[in-house]
Amino acid sequence: MTEFYDLAEDKMKEECGVLGIFCPERASDIPFLSYLGLLSLQHRGQESAGICINQKGNFKIHKGMGLVENVFKQEKLAGLAGEMAIGHVRYSTTGSTLAANIQPLLISCIKGDLALANNGNLINGPELRLSLESHGSIFHSSLDTEVIAHLVARSFEENIIDAFQQSLYQLKGAFSMVALTADSLLACRDPYGFRPLVLGRLGNGYVVASETCAFDLMGAEFLREVEQGELLIINKEGLKSIKYASERPGRFCVFEFIYFARPDSHFLGKNVHLARKAMGRELAAELNIEADLVIPIPDSGTAAALGFSEESGIPFSQGILRNRYIGRTFIQPMQEIRDLKVRIKLSPVKEIIKGKRVILVDDSIVRGTTSKQIISSVREAGATEVHLAISSPPVKDPCFYGLDTSKRKDLIAREMSPEEIAKYIGADSLTYLSHEGLLKSLDADGTGFCTACFTGEYPLEVKKS
Ligand code: SF4
């Protein structure tokens, strides 16, 4: 019988990516620039993609399930033009996989048209939805974004931008959002700044995006990050900044640095690749093991393994290769090939590994579902010792701020000590980077970041499941 194998890695899932452009002088290029921006943000969500373009107040939207390159064929982009646009790539953190849940979301209300795209998770989303429904609102999707659209539509403010700002006061949780009105591009970030949002310059116009890597491909210049609790209104009058929330301690998601963000992006003045290398260096400083090779589990462990190798003096080697062309596949299960799911994706190189004591480096373990198979295949390739080194602390608590973690009970580090996990996955040892080491590698003093999935200390109260 043919079986469907989901070859998902043992990682927290990327959340979403958002993009906004206001550049009337490049009106005919806006569709293609949006496409390029979303291509750069593809790692943040591969489930669906969408672009909404505003041409003199007329909104055109195109969205679909799948990767950016599949949703936006040449003919879909040709003929589109507009002074401004927003775009979105999605991995569902809330709301199931439904066509109705693809963003941007476009609504028409008495105040005008509004297109919205969001990255994050509203802690009070279900509560707001219930209250809106009890007052007659009808929902078409399970998106938090639709909750915001209803708040705008029902606001007593007549002007749509004032209504949008007023809706922000009611939101609790993580959100980095872009929106289009008839004449403006809006961009805002929640008061804690959980999820990233950056501002750039494009000619005489502006762009906003989840990550700076989107600017590089679009030819835009990075200006600054959108601040916590800041609302930007961008239109032909220029850029207006409103601090709609009072100052709170920054709680930027530390996992953006550990795993999610693209290595060429930068946040808080730090390049992501270099930050990951620094985590690897700290890990090496904390771990005193003799070995012959440092091998990354590709691709997520590569930067940390480079840093580990530099600090420890143990040679770095690409001893495990990754097949880049496989996501999900149909395959005939074969008893005679053990650990087939992992082997389809990762191949240890016998000639590099045989007879060596190896330190495998990865950025995180969430459920521990693949580590056992990876270690078994590295042993089978001839390694004499296999030590696993993780460049972040143990993930013990789920995320409520826009990322898809497993349920609390499925998090392996919650149930077992590092020694127990090492035994379970068949490693000679397992070492995690300490919490202090993580903060040190980011030059942080414990403030400025959310680290709740390691500590269980949630900056914003959540209902623990
Ligand atoms: S709980 Fe973890 S994954 Fe979620 S925002 Fe905080 S650091 Fe990021």
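Residues numbered from 1 in each chain as written. Predicted model: local features only at pLDDT ≥ 70, side-chain atom pairs only at ≥ 80, totals over all residues.

Novice: So what exactly am I meant to see when it comes to the overall build of the protein chain here?
Specialist: Of the regular secondary structure elements, the protein chain holds 17 helices and 25 strands. A compact globule built from 465 residues would reach a C-alpha radius of gyration of about 23 Å, and the protein chain, at 23 Å, matches this within 12%. Each of the three principal axes of the protein chain carries a C-alpha extent, and together these read 70 × 45 × 45 Å. Evaluated residue by residue, the protein chain yields a buried proportion of 50% over its 465 residues. Counting contacts in the protein chain only where the partners sit at least 6 residues apart, residues at least 24 apart contribute 72% of the total. (Helix = DSSP H or I, 4+ residues; strand = E, 2+ residues; numbered from the N terminus. Rg over C-alpha atoms; globule rule 2.2 N^0.38 Å. Buried ≥ 20, exposed ≤ 12 C-beta atoms within 10 Å, placed from the backbone. Contact = placed C-beta atoms within 7 Å.)

Novice: Honestly, the site of the ligand in this entry has me stumped. Any pointers?
Specialist: Contacts to the ligand come from Phe194, Cys253, Val254, Phe255, Cys399, Tyr401, Leu403, Cys450, Thr451, Ala452 and Cys453. Contributions of two or more residues to the shell around the ligand are made by α8 (254–260) and α17 (452–455). Among the residues making up the shell around the ligand, the classes are represented as 10 nonpolar, 1 polar and no charged. (Near = placed C-beta within 6 Å. Nonpolar A, V, L, I, M, F, W, Y, C, P; charged D, E, K, R; others polar.)

Novice: I'm lost on the packing of helix α4 (residues 125–134) against helix α5 (residues 144–154) in this one. Help?
Specialist: Two elements in contact, α4 and α5, have axes whose closest approach is 10 Å; the angle formed by their N-to-C orientations is 45 degrees. Comparing the axis directions of α4 and α5 gives the class oblique. In this structure, the crossing between α4 and α5 has a hand that is left-handed. Of the residues in α5, those touching α4 at Gly125, Leu128, Arg129 and Leu132 are Asp144, Val147 and His150. Counted by class, the contact of α4 with α5 contains 3 nonpolar, 2 polar and 2 charged residues. (Axes fitted to C-alpha atoms, helices over the stretch in contact; angles between N-to-C directions. Parallel < 35°, antiparallel > 145°, perpendicular 65-115°, else oblique. Left-handed = near helix turned anticlockwise from the far one by under 90°.)

Novice: What am I meant to see in the nonpolar core here?
Specialist: What tends to happen in soluble globular proteins is that the nonpolar side chains get buried as a cluster. Judged by nonpolar contacts, the single largest core of 137 residues is most densely connected at Ile21, Val178, Ala179, Leu186 and Val208. Taken together, domain 1 (3–248) and domain 2 (271–445) each give at least three residues to this core, which thus spans both. Not counting residues within four places of it along the chain, the set of residues in contact with valine 178 comprises Val18, Leu19, Gly20, Ile86, Ala117, Leu186, Ala187 and Val208. (Core = buried A, V, L, I, M, F, W, Y, C linked by C-beta atoms within 7 Å. Domains from an automatic or database assignment.)

Novice: Got a minute to help me understand the sheet that holds strand β18 (residues 293–296) in this structure?
Specialist: Sheet strands pair by backbone hydrogen bonding; their relative direction is either parallel or antiparallel. Read across the sheet, 4 strands follow the order β18-β22-β23-β24 without closing on themselves; strand pairing throughout is parallel. Two strands bound the open sheet, and with one partner strand each, they are β18 and β24 (429–432). Going across the sheet, the axis of each strand differs from the next one's by a mean of 25 degrees, ignoring polarity. With 4 bridges joining them, strand β23 (residues 385–390) and β24 adopt parallel strand pairing. The residue bridging leucine 388 from the neighbouring strand is leucine 430, located in β24. Its contacts with the sheet put helix α13 (residues 371–380) on β22 (357–362) and β23, and the angle it makes with β23 is roughly 145 degrees. (Pairing = 2+ DSSP bridges.)

Novice: Even after reading the chapter, I still don't get the confidence of the model for the protein chain, so can you show me in this structure?
Specialist: Caution applies to low-pLDDT parts of the model: their predicted coordinates are not meant to be read in detail. Taken over all residues, the pLDDT of the protein chain has a mean of 90, while the share at 70 or more is 91%. Note that pLDDT drops below 50 for residues 1–7; the model gives that stretch 17 contacts with residues more than four away or on any other chain. Predicted confidence is poor over residues 328–333, with pLDDT under 50, and the contacts of this stretch with residues over four places away or in other chains come to 14 contacts. (pLDDT = per-residue confidence, 0-100.)

Novice: Is there a simple way to think about the sheet that holds strand β7 (residues 112–122) in this case?
Specialist: Taking strand neighbours across the sheet as the criterion, the 6 strands line up as β6-β7-β8-β9-β13-β14 in an open arrangement whose pairing is antiparallel. A single partner strand is all that each edge strand has here, and the edge strands are β6 (105–109) and β14 (238–243). For this sheet, the mean inter-axis angle between neighbouring strands, taken without regard to orientation, is 20 degrees. As defined by bridge partners, strand β13 (residues 230–235) adjoins β14 across 6 bridges and the pair is classed as antiparallel.

Novice: Could you clarify how one ought to interpret the environment of histidine 62 in this entry?
Specialist: Tracing the sequence through the fold places histidine 62 in strand β4 (residues 58–65). We classify histidine 62 as partly exposed; it has 19 C-beta atoms within 10 Å. With 11 residues separating them along the chain, histidine 62 and isoleucine 51 place their C-alpha atoms 5.5 Å apart. Those residues in contact with histidine 62 that lie beyond four places of it in its chain are Gly50, Ile51, Phe72 and Lys76.

Novice: Which parts of the structure should I look at to understand the pairing of strand β5 (residues 84–90)?
Specialist: Across a regular strand the side chains alternate sides, sitting on one face of the sheet and then on the other. Among the 7 residues in β5, 7 count as buried, and that is most of the element. Burial along β5 is two-sided: the face carrying Met84, Ile86, His88 and Arg90 and the face carrying Ala85, Gly87 and Val89 are both buried. As judged from the 7 bridges shared by strand β2 (residues 16–22) and β5, these two strands associate in the antiparallel manner. Residue pairing for β5: leucine 19 is matched across the bridge by glycine 87. Pairing analysis gives 7 bridges linking strand β3 (residues 48–55) to β5, with the strands arranged antiparallel. In the sheet register, alanine 49 faces β5, and the bridge partner there is valine 89.

Novice: Mind showing me how you'd approach unusual backbone geometry here?
Specialist: Negative phi values dominate among residues other than glycine, just as trans dominates among peptide bonds. Here the amide bond leading from glutamine 103 into proline 104 is cis, since omega sits at 5 degrees, within 30 degrees of zero. Tracing the backbone shows proline 104 in the loop between β5 and β6. Aspartate 299 follows proline 298 through a cis peptide bond whose omega is -10 degrees. With respect to the secondary-structure elements, aspartate 299 resides in the loop between β18 and α10 (302–312). Its identity as a non-glycine residue notwithstanding, leucine 268 has a phi of 50 degrees, on the positive side. Tracing the backbone through its elements, the reader meets leucine 268 in the loop between β16 (266–267) and β17 (270–271). For leucine 268, a count of 17 C-beta atoms within 10 Å gives the class partly exposed. Located in the positive-phi region is aspartate 443, a residue other than glycine, with phi close to 55 degrees. Looking at where aspartate 443 falls in the secondary structure, it is placed in the loop between α16 (435–441) and β25 (448–450). On the basis of neighbour count, aspartate 443 is assigned to the exposed category, with 12 C-beta atoms found within 10 Å.

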